[in-house]
Amino acid sequence: MAEELTPENPETPEDSEEQPIKQRKNGLYQGVSDELAENMKSGWADTELHGLEPIAQASRTAARRAALSARFPGERLVIPAGNLKTRSNDTEYAFRASTEYAYLTGDQTQDGVLVLEPVKDGHRATIYLLPRSNRENGEFWLDGQGELWVGRRHSLAEAEQLLGIPAKDVRELPEWLKEATGPVRNVRGHDAGIESALVDKVTAERDEELRVFLSEARVVKDDFEIAELQKACDATARGFEDVVKVLDKAEATSERYIEGTFFLRARVEGNDVGYGTIAAAGPHACTLHWVRNDGPVRSGDLLLLDAGVETTELYTADVTRTLPVNGRFTEIQRKIYDAVYEAQEAGIAAVKPGAAYRDFHDAAQRVLAEKLVEWGLVEGPVDRVLELGLQRRWTLHGTGHMLGMDVHDCAAARTEAYVDTTLAPGMCLTVEPGLYFQADDLTVPEEYRGIGVRIEDDILVTEDGNRNLSAALPRRSDEVETWMAGLKG
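Residues numbered from 1 in each chain as written. Predicted model: local features only at pLDDT ≥ 70, side-chain atom pairs only at ≥ 80, totals over all residues. Heavy atoms only, no water.

Comments concerning the environment of Leu 377
Phase 1 of the analysis: Position of Leu 377 among the secondary structure elements: in the loop between helix 15 (359-374) and helix 16 (382-388).
Phase 2 of the analysis: On the accessibility criterion, Leu 377 (12% relative accessible area) is buried.
Phase 3 of the analysis: Through-space distance from the C-alpha of Leu 377 to that of Pro 353 is 35 Å; in sequence the pair is 24 residues apart.
Phase 4 of the analysis: Aside from chain neighbours lying at most four places away, what touches Leu 377 is Leu 372, Trp 394, Phe 437, Thr 443, Val 444, Pro 445 and Tyr 448. (Helix = DSSP H or I, 4+ residues; strand = E, 2+ residues; numbered from the N terminus. Buried < 20%, exposed > 50% of the residue type's maximum accessible area, 1.4 Å probe, protein only. Contact = heavy atoms within 4.5 Å.)

The following block contains the structure:
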């Protein structure tokens, strides 16, 4: 990575002209000559873009802002995108805009802030962004976040055309917020500078009400969001196919080969993976969030792959398949797999408009409890097992969750708007039962130990039932074997 010279924390383009150049301790250049500084000011083409079309979801984001405005009349609402986070020394993690900000604007720019200012008939929205890097004072090539180092960003005029929101310089916002009067709400946890400017104007309770509202607003997806989720699932299916084709290479290396293979698909067809890929082979499949992915991949074992592509608009899939590494289930593996498949079928069948949200979980758990009683692993009757939760020793987790811009979407919603709600068209959730027999579990026969199975699909509630968005990937054990053989062949 190249090394840059940076001004000492310029607050504004004007201030930076008077700031000394910050040198790296061991940088090869110890300063900038007046001649070079003058030379860098001129000779650059005008690259301003004109006549830009609005982004595809501009009308949807406008409707979302209108709903937000109606919920909090007369109050100033502040929704930040967030800032870069340091990974190590002077390198940062890849930036991912806050879900609330991206949902309301369609923008993904670091340091951006959406402000809804109360006016007589609702709110006036303004998006505060970093403008183009200043060339006159050298910011564009001396600042570590200058455009010469990190790439061109949109001008404020370009942003207005794309987003359909008036745009201003975000560097002016903190001082303006300090002087603002009247009730204010802020989405916390993303921008320390904005929170500092609002410290005496907000309360935790009021800010939480804003976060909860924005979480519940995403419970039902619009047509744009559903299309994005389908796109994410389709790309994810191709990522799973990629993995099956290289399982021999994974056997020669480790689970990391599987993780890397899927990541390539996510970066080519989307923005990133929507969460840390779980590439769990053998007994690692019994660790629910196994993301170290540094274990061996052995023929005869199962691979539990839980992964999802996040689209460029930040909607993620969340899919799990449990695959025999060599393409064929053993007898005991098939027995456990088929039980989980039967549970998932019962869960998916329970997803329909008007059903209680909990119904799909209850349906899947009942099947798993029945199997555990049938196999003699727990004493029945089944109703007793479910009442006491005894099946959870081997099932561990809930059977699903809401899905959208976050893999566990709508997480801040009130209980009555989430797990205690009724399913409606446009809701999207995962159905993902599993059975996990730990390698050191002496309560089960030895042949069960070290086997973990989960099957997960992304299910959209429709007007007349449901649609499996990830149906491109086979689920039934015999179909999985045929699919794998075709890909390997």
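What to know about the nonpolar core
Phase 1 of the analysis: By size, the foremost hydrophobic cluster in this structure holds 90 residues, and its most contacted members are Leu 68, Ile 79, Ile 258, Ile 336, Trp 375, Leu 435 and Phe 437.
Phase 2 of the analysis: By residue number, the principal contributor to this core is helix 11 (residues 223-245), which donates 10 residues.
Phase 3 of the analysis: The residues contacting Ile 258, other than those within four sequence positions of it, are Val 243, Leu 247, Ala 250, Ala 279, Val 297, Leu 303 and Leu 305.
Phase 4 of the analysis: One finds Val 219, Ala 413, Leu 423 and Val 431 within the second-largest nonpolar core, a separate group that totals 17 residues. (Core = buried A, V, L, I, M, F, W, Y, C linked by side-chain atoms within 4.5 Å.)

Here's the deal with the packing of helix 14 (residues 331-349) against helix 18 (residues 477-488)
Phase 1 of the analysis: Contact pair helix 14 / helix 18: the axes reach a minimum separation of 10 Å and the direction vectors enclose 115°. Only Ser 477, Asp 478, Val 480 and Glu 481 of helix 18 make contact with helix 14, whose side of the interface consists of Arg 334, Tyr 337 and Asp 338. (Axes fitted to C-alpha atoms, helices over the stretch in contact; angles between N-to-C directions.)

So, the UniProt feature "domain: Aminopeptidase P N-terminal" (unreviewed entry) in the protein chain
Phase 1 of the analysis: Sequence positions flagged by UniProt for "domain: Aminopeptidase P N-terminal" (unreviewed entry) are, in local numbering, residues 56-195.
Phase 2 of the analysis: Across residues 56-195 one finds 34% helix and 22% strand; the C-alpha atoms that close the span lie 31 Å apart. (UniProt positions renumbered as here; feature names shortened; annotations may be inferred.)

A word on the confidence of the model for the protein chain
Phase 1 of the analysis: On average, residues of the protein chain carry a pLDDT of 95, and 95% of them reach 70 or more.
Phase 2 of the analysis: Here helix 1 (residues 13-16) is the element of the protein chain with the lowest mean pLDDT, 43, and strand 18 (residues 457-462) is the one with the highest, 99.
Phase 3 of the analysis: Across residues 6-18 the pLDDT falls below 50, and counting only partners more than four positions away or on other chains, this stretch makes 23 contacts in the model. (pLDDT = per-residue confidence, 0-100.)

Quick look at the packing of aromatic side chains
Phase 1 of the analysis: Under the criterion given, the structure shown has nine aromatic pairs.
Phase 2 of the analysis: Look at Tyr 128 and Trp 176: their rings are 6.5 Å apart centre to centre, the planes differ by 25°, and that puts the pair in the stacked class. Taken together, the residues span a long stretch of sequence, with Tyr 128 in strand 7 (residues 122-129) and Trp 176 in helix 8 (residues 173-179) at a distance of 48 residues.
Phase 3 of the analysis: Looking at Trp 176, the relative accessible area reads 36%, which means it is partly exposed.
Phase 4 of the analysis: A ring pair is formed by Tyr 357 and Phe 360, whose centres lie 5.3 Å apart and whose planes are at 90°; its orientation type is edge-to-face.
Phase 5 of the analysis: The buried category is assigned to Tyr 357, whose relative accessible area is 4%.
Phase 6 of the analysis: Overall, the relative accessible area of 1% leaves Phe 360 in the buried class.
Phase 7 of the analysis: Among the aromatic residues, ring-to-ring pairing joins Tyr 357, Phe 360 and Tyr 418 into one connected group.
Phase 8 of the analysis: Against the face of Phe 140 rests Arg 135, its NZ or CZ located 4.5 Å from the ring centre. (Phe/Tyr/Trp six-rings, centres within 6.5 Å; stacked < 30°, edge-to-face > 60°. Lys NZ or Arg CZ within 6 Å of the ring centre and 35° of its normal.)

Some details on the side chain of Asp 107
Phase 1 of the analysis: Examined against the element boundaries, Asp 107 turns out to sit in the loop between helix 4 (99-105) and strand 6 (113-119).
Phase 2 of the analysis: No salt bridge is formed by the buried Asp 107; the nearest opposite charge belongs to Arg 65, separated by 10 Å.
Phase 3 of the analysis: Here Tyr 101 takes part through its side chain, which lies 2.6 Å from a polar atom of the side chain of Asp 107.
Phase 4 of the analysis: With near-sequence residues (within four places) excluded, Asp 107 lies in contact with Ala 97, Tyr 101, Ala 102, Ile 127, Leu 129 and Leu 163. (Lys, Arg positive; Asp, Glu negative; His and termini not counted. Salt bridge = Lys/Arg side-chain N within 4 Å of Asp/Glu carboxyl O. Polar contact = N/O pair within 3.5 Å; in protein donor to acceptor, adjacent residues only side chain to side chain.)

Looking at the pattern of salt bridges
Phase 1 of the analysis: Scanning all chains against the criterion turns up 38 salt bridges.
Phase 2 of the analysis: Here Glu 269 ties to Arg 265 by a salt bridge, and the two come within 2.5 Å at their closest N and O atoms. One end of the pair, Glu 269, and the other, Arg 265, are both in helix 13 (residues 255-269), four residues apart, so they sit about a helical turn from each other.
Phase 3 of the analysis: The exposure class of Glu 269 is partly exposed, given its relative accessible area of 28%.
Phase 4 of the analysis: One network of salt bridges, in which partners are shared, links Glu 75, Arg 185, Arg 206 and Glu 209.

Comments concerning the sheet that holds strand 14 (residues 319-324)
Phase 1 of the analysis: Pairing is antiparallel in the open sheet, where three strands are placed in the order 11-12-14. The strands lining the two open edges of the sheet, one partner per strand, are strand 11 (278-281) and strand 14. Sheet twist, expressed as the average angle between the axes of neighbouring strands with direction ignored, equals 10°.
Phase 2 of the analysis: In this sheet, strand 12 (residues 302-307) lies alongside strand 11 in antiparallel orientation, the contact comprising four bridges. Residue Ala 281 lies in a different strand from strand 12, and its bridge partner there is Leu 303. (Pairing = 2+ DSSP bridges.)

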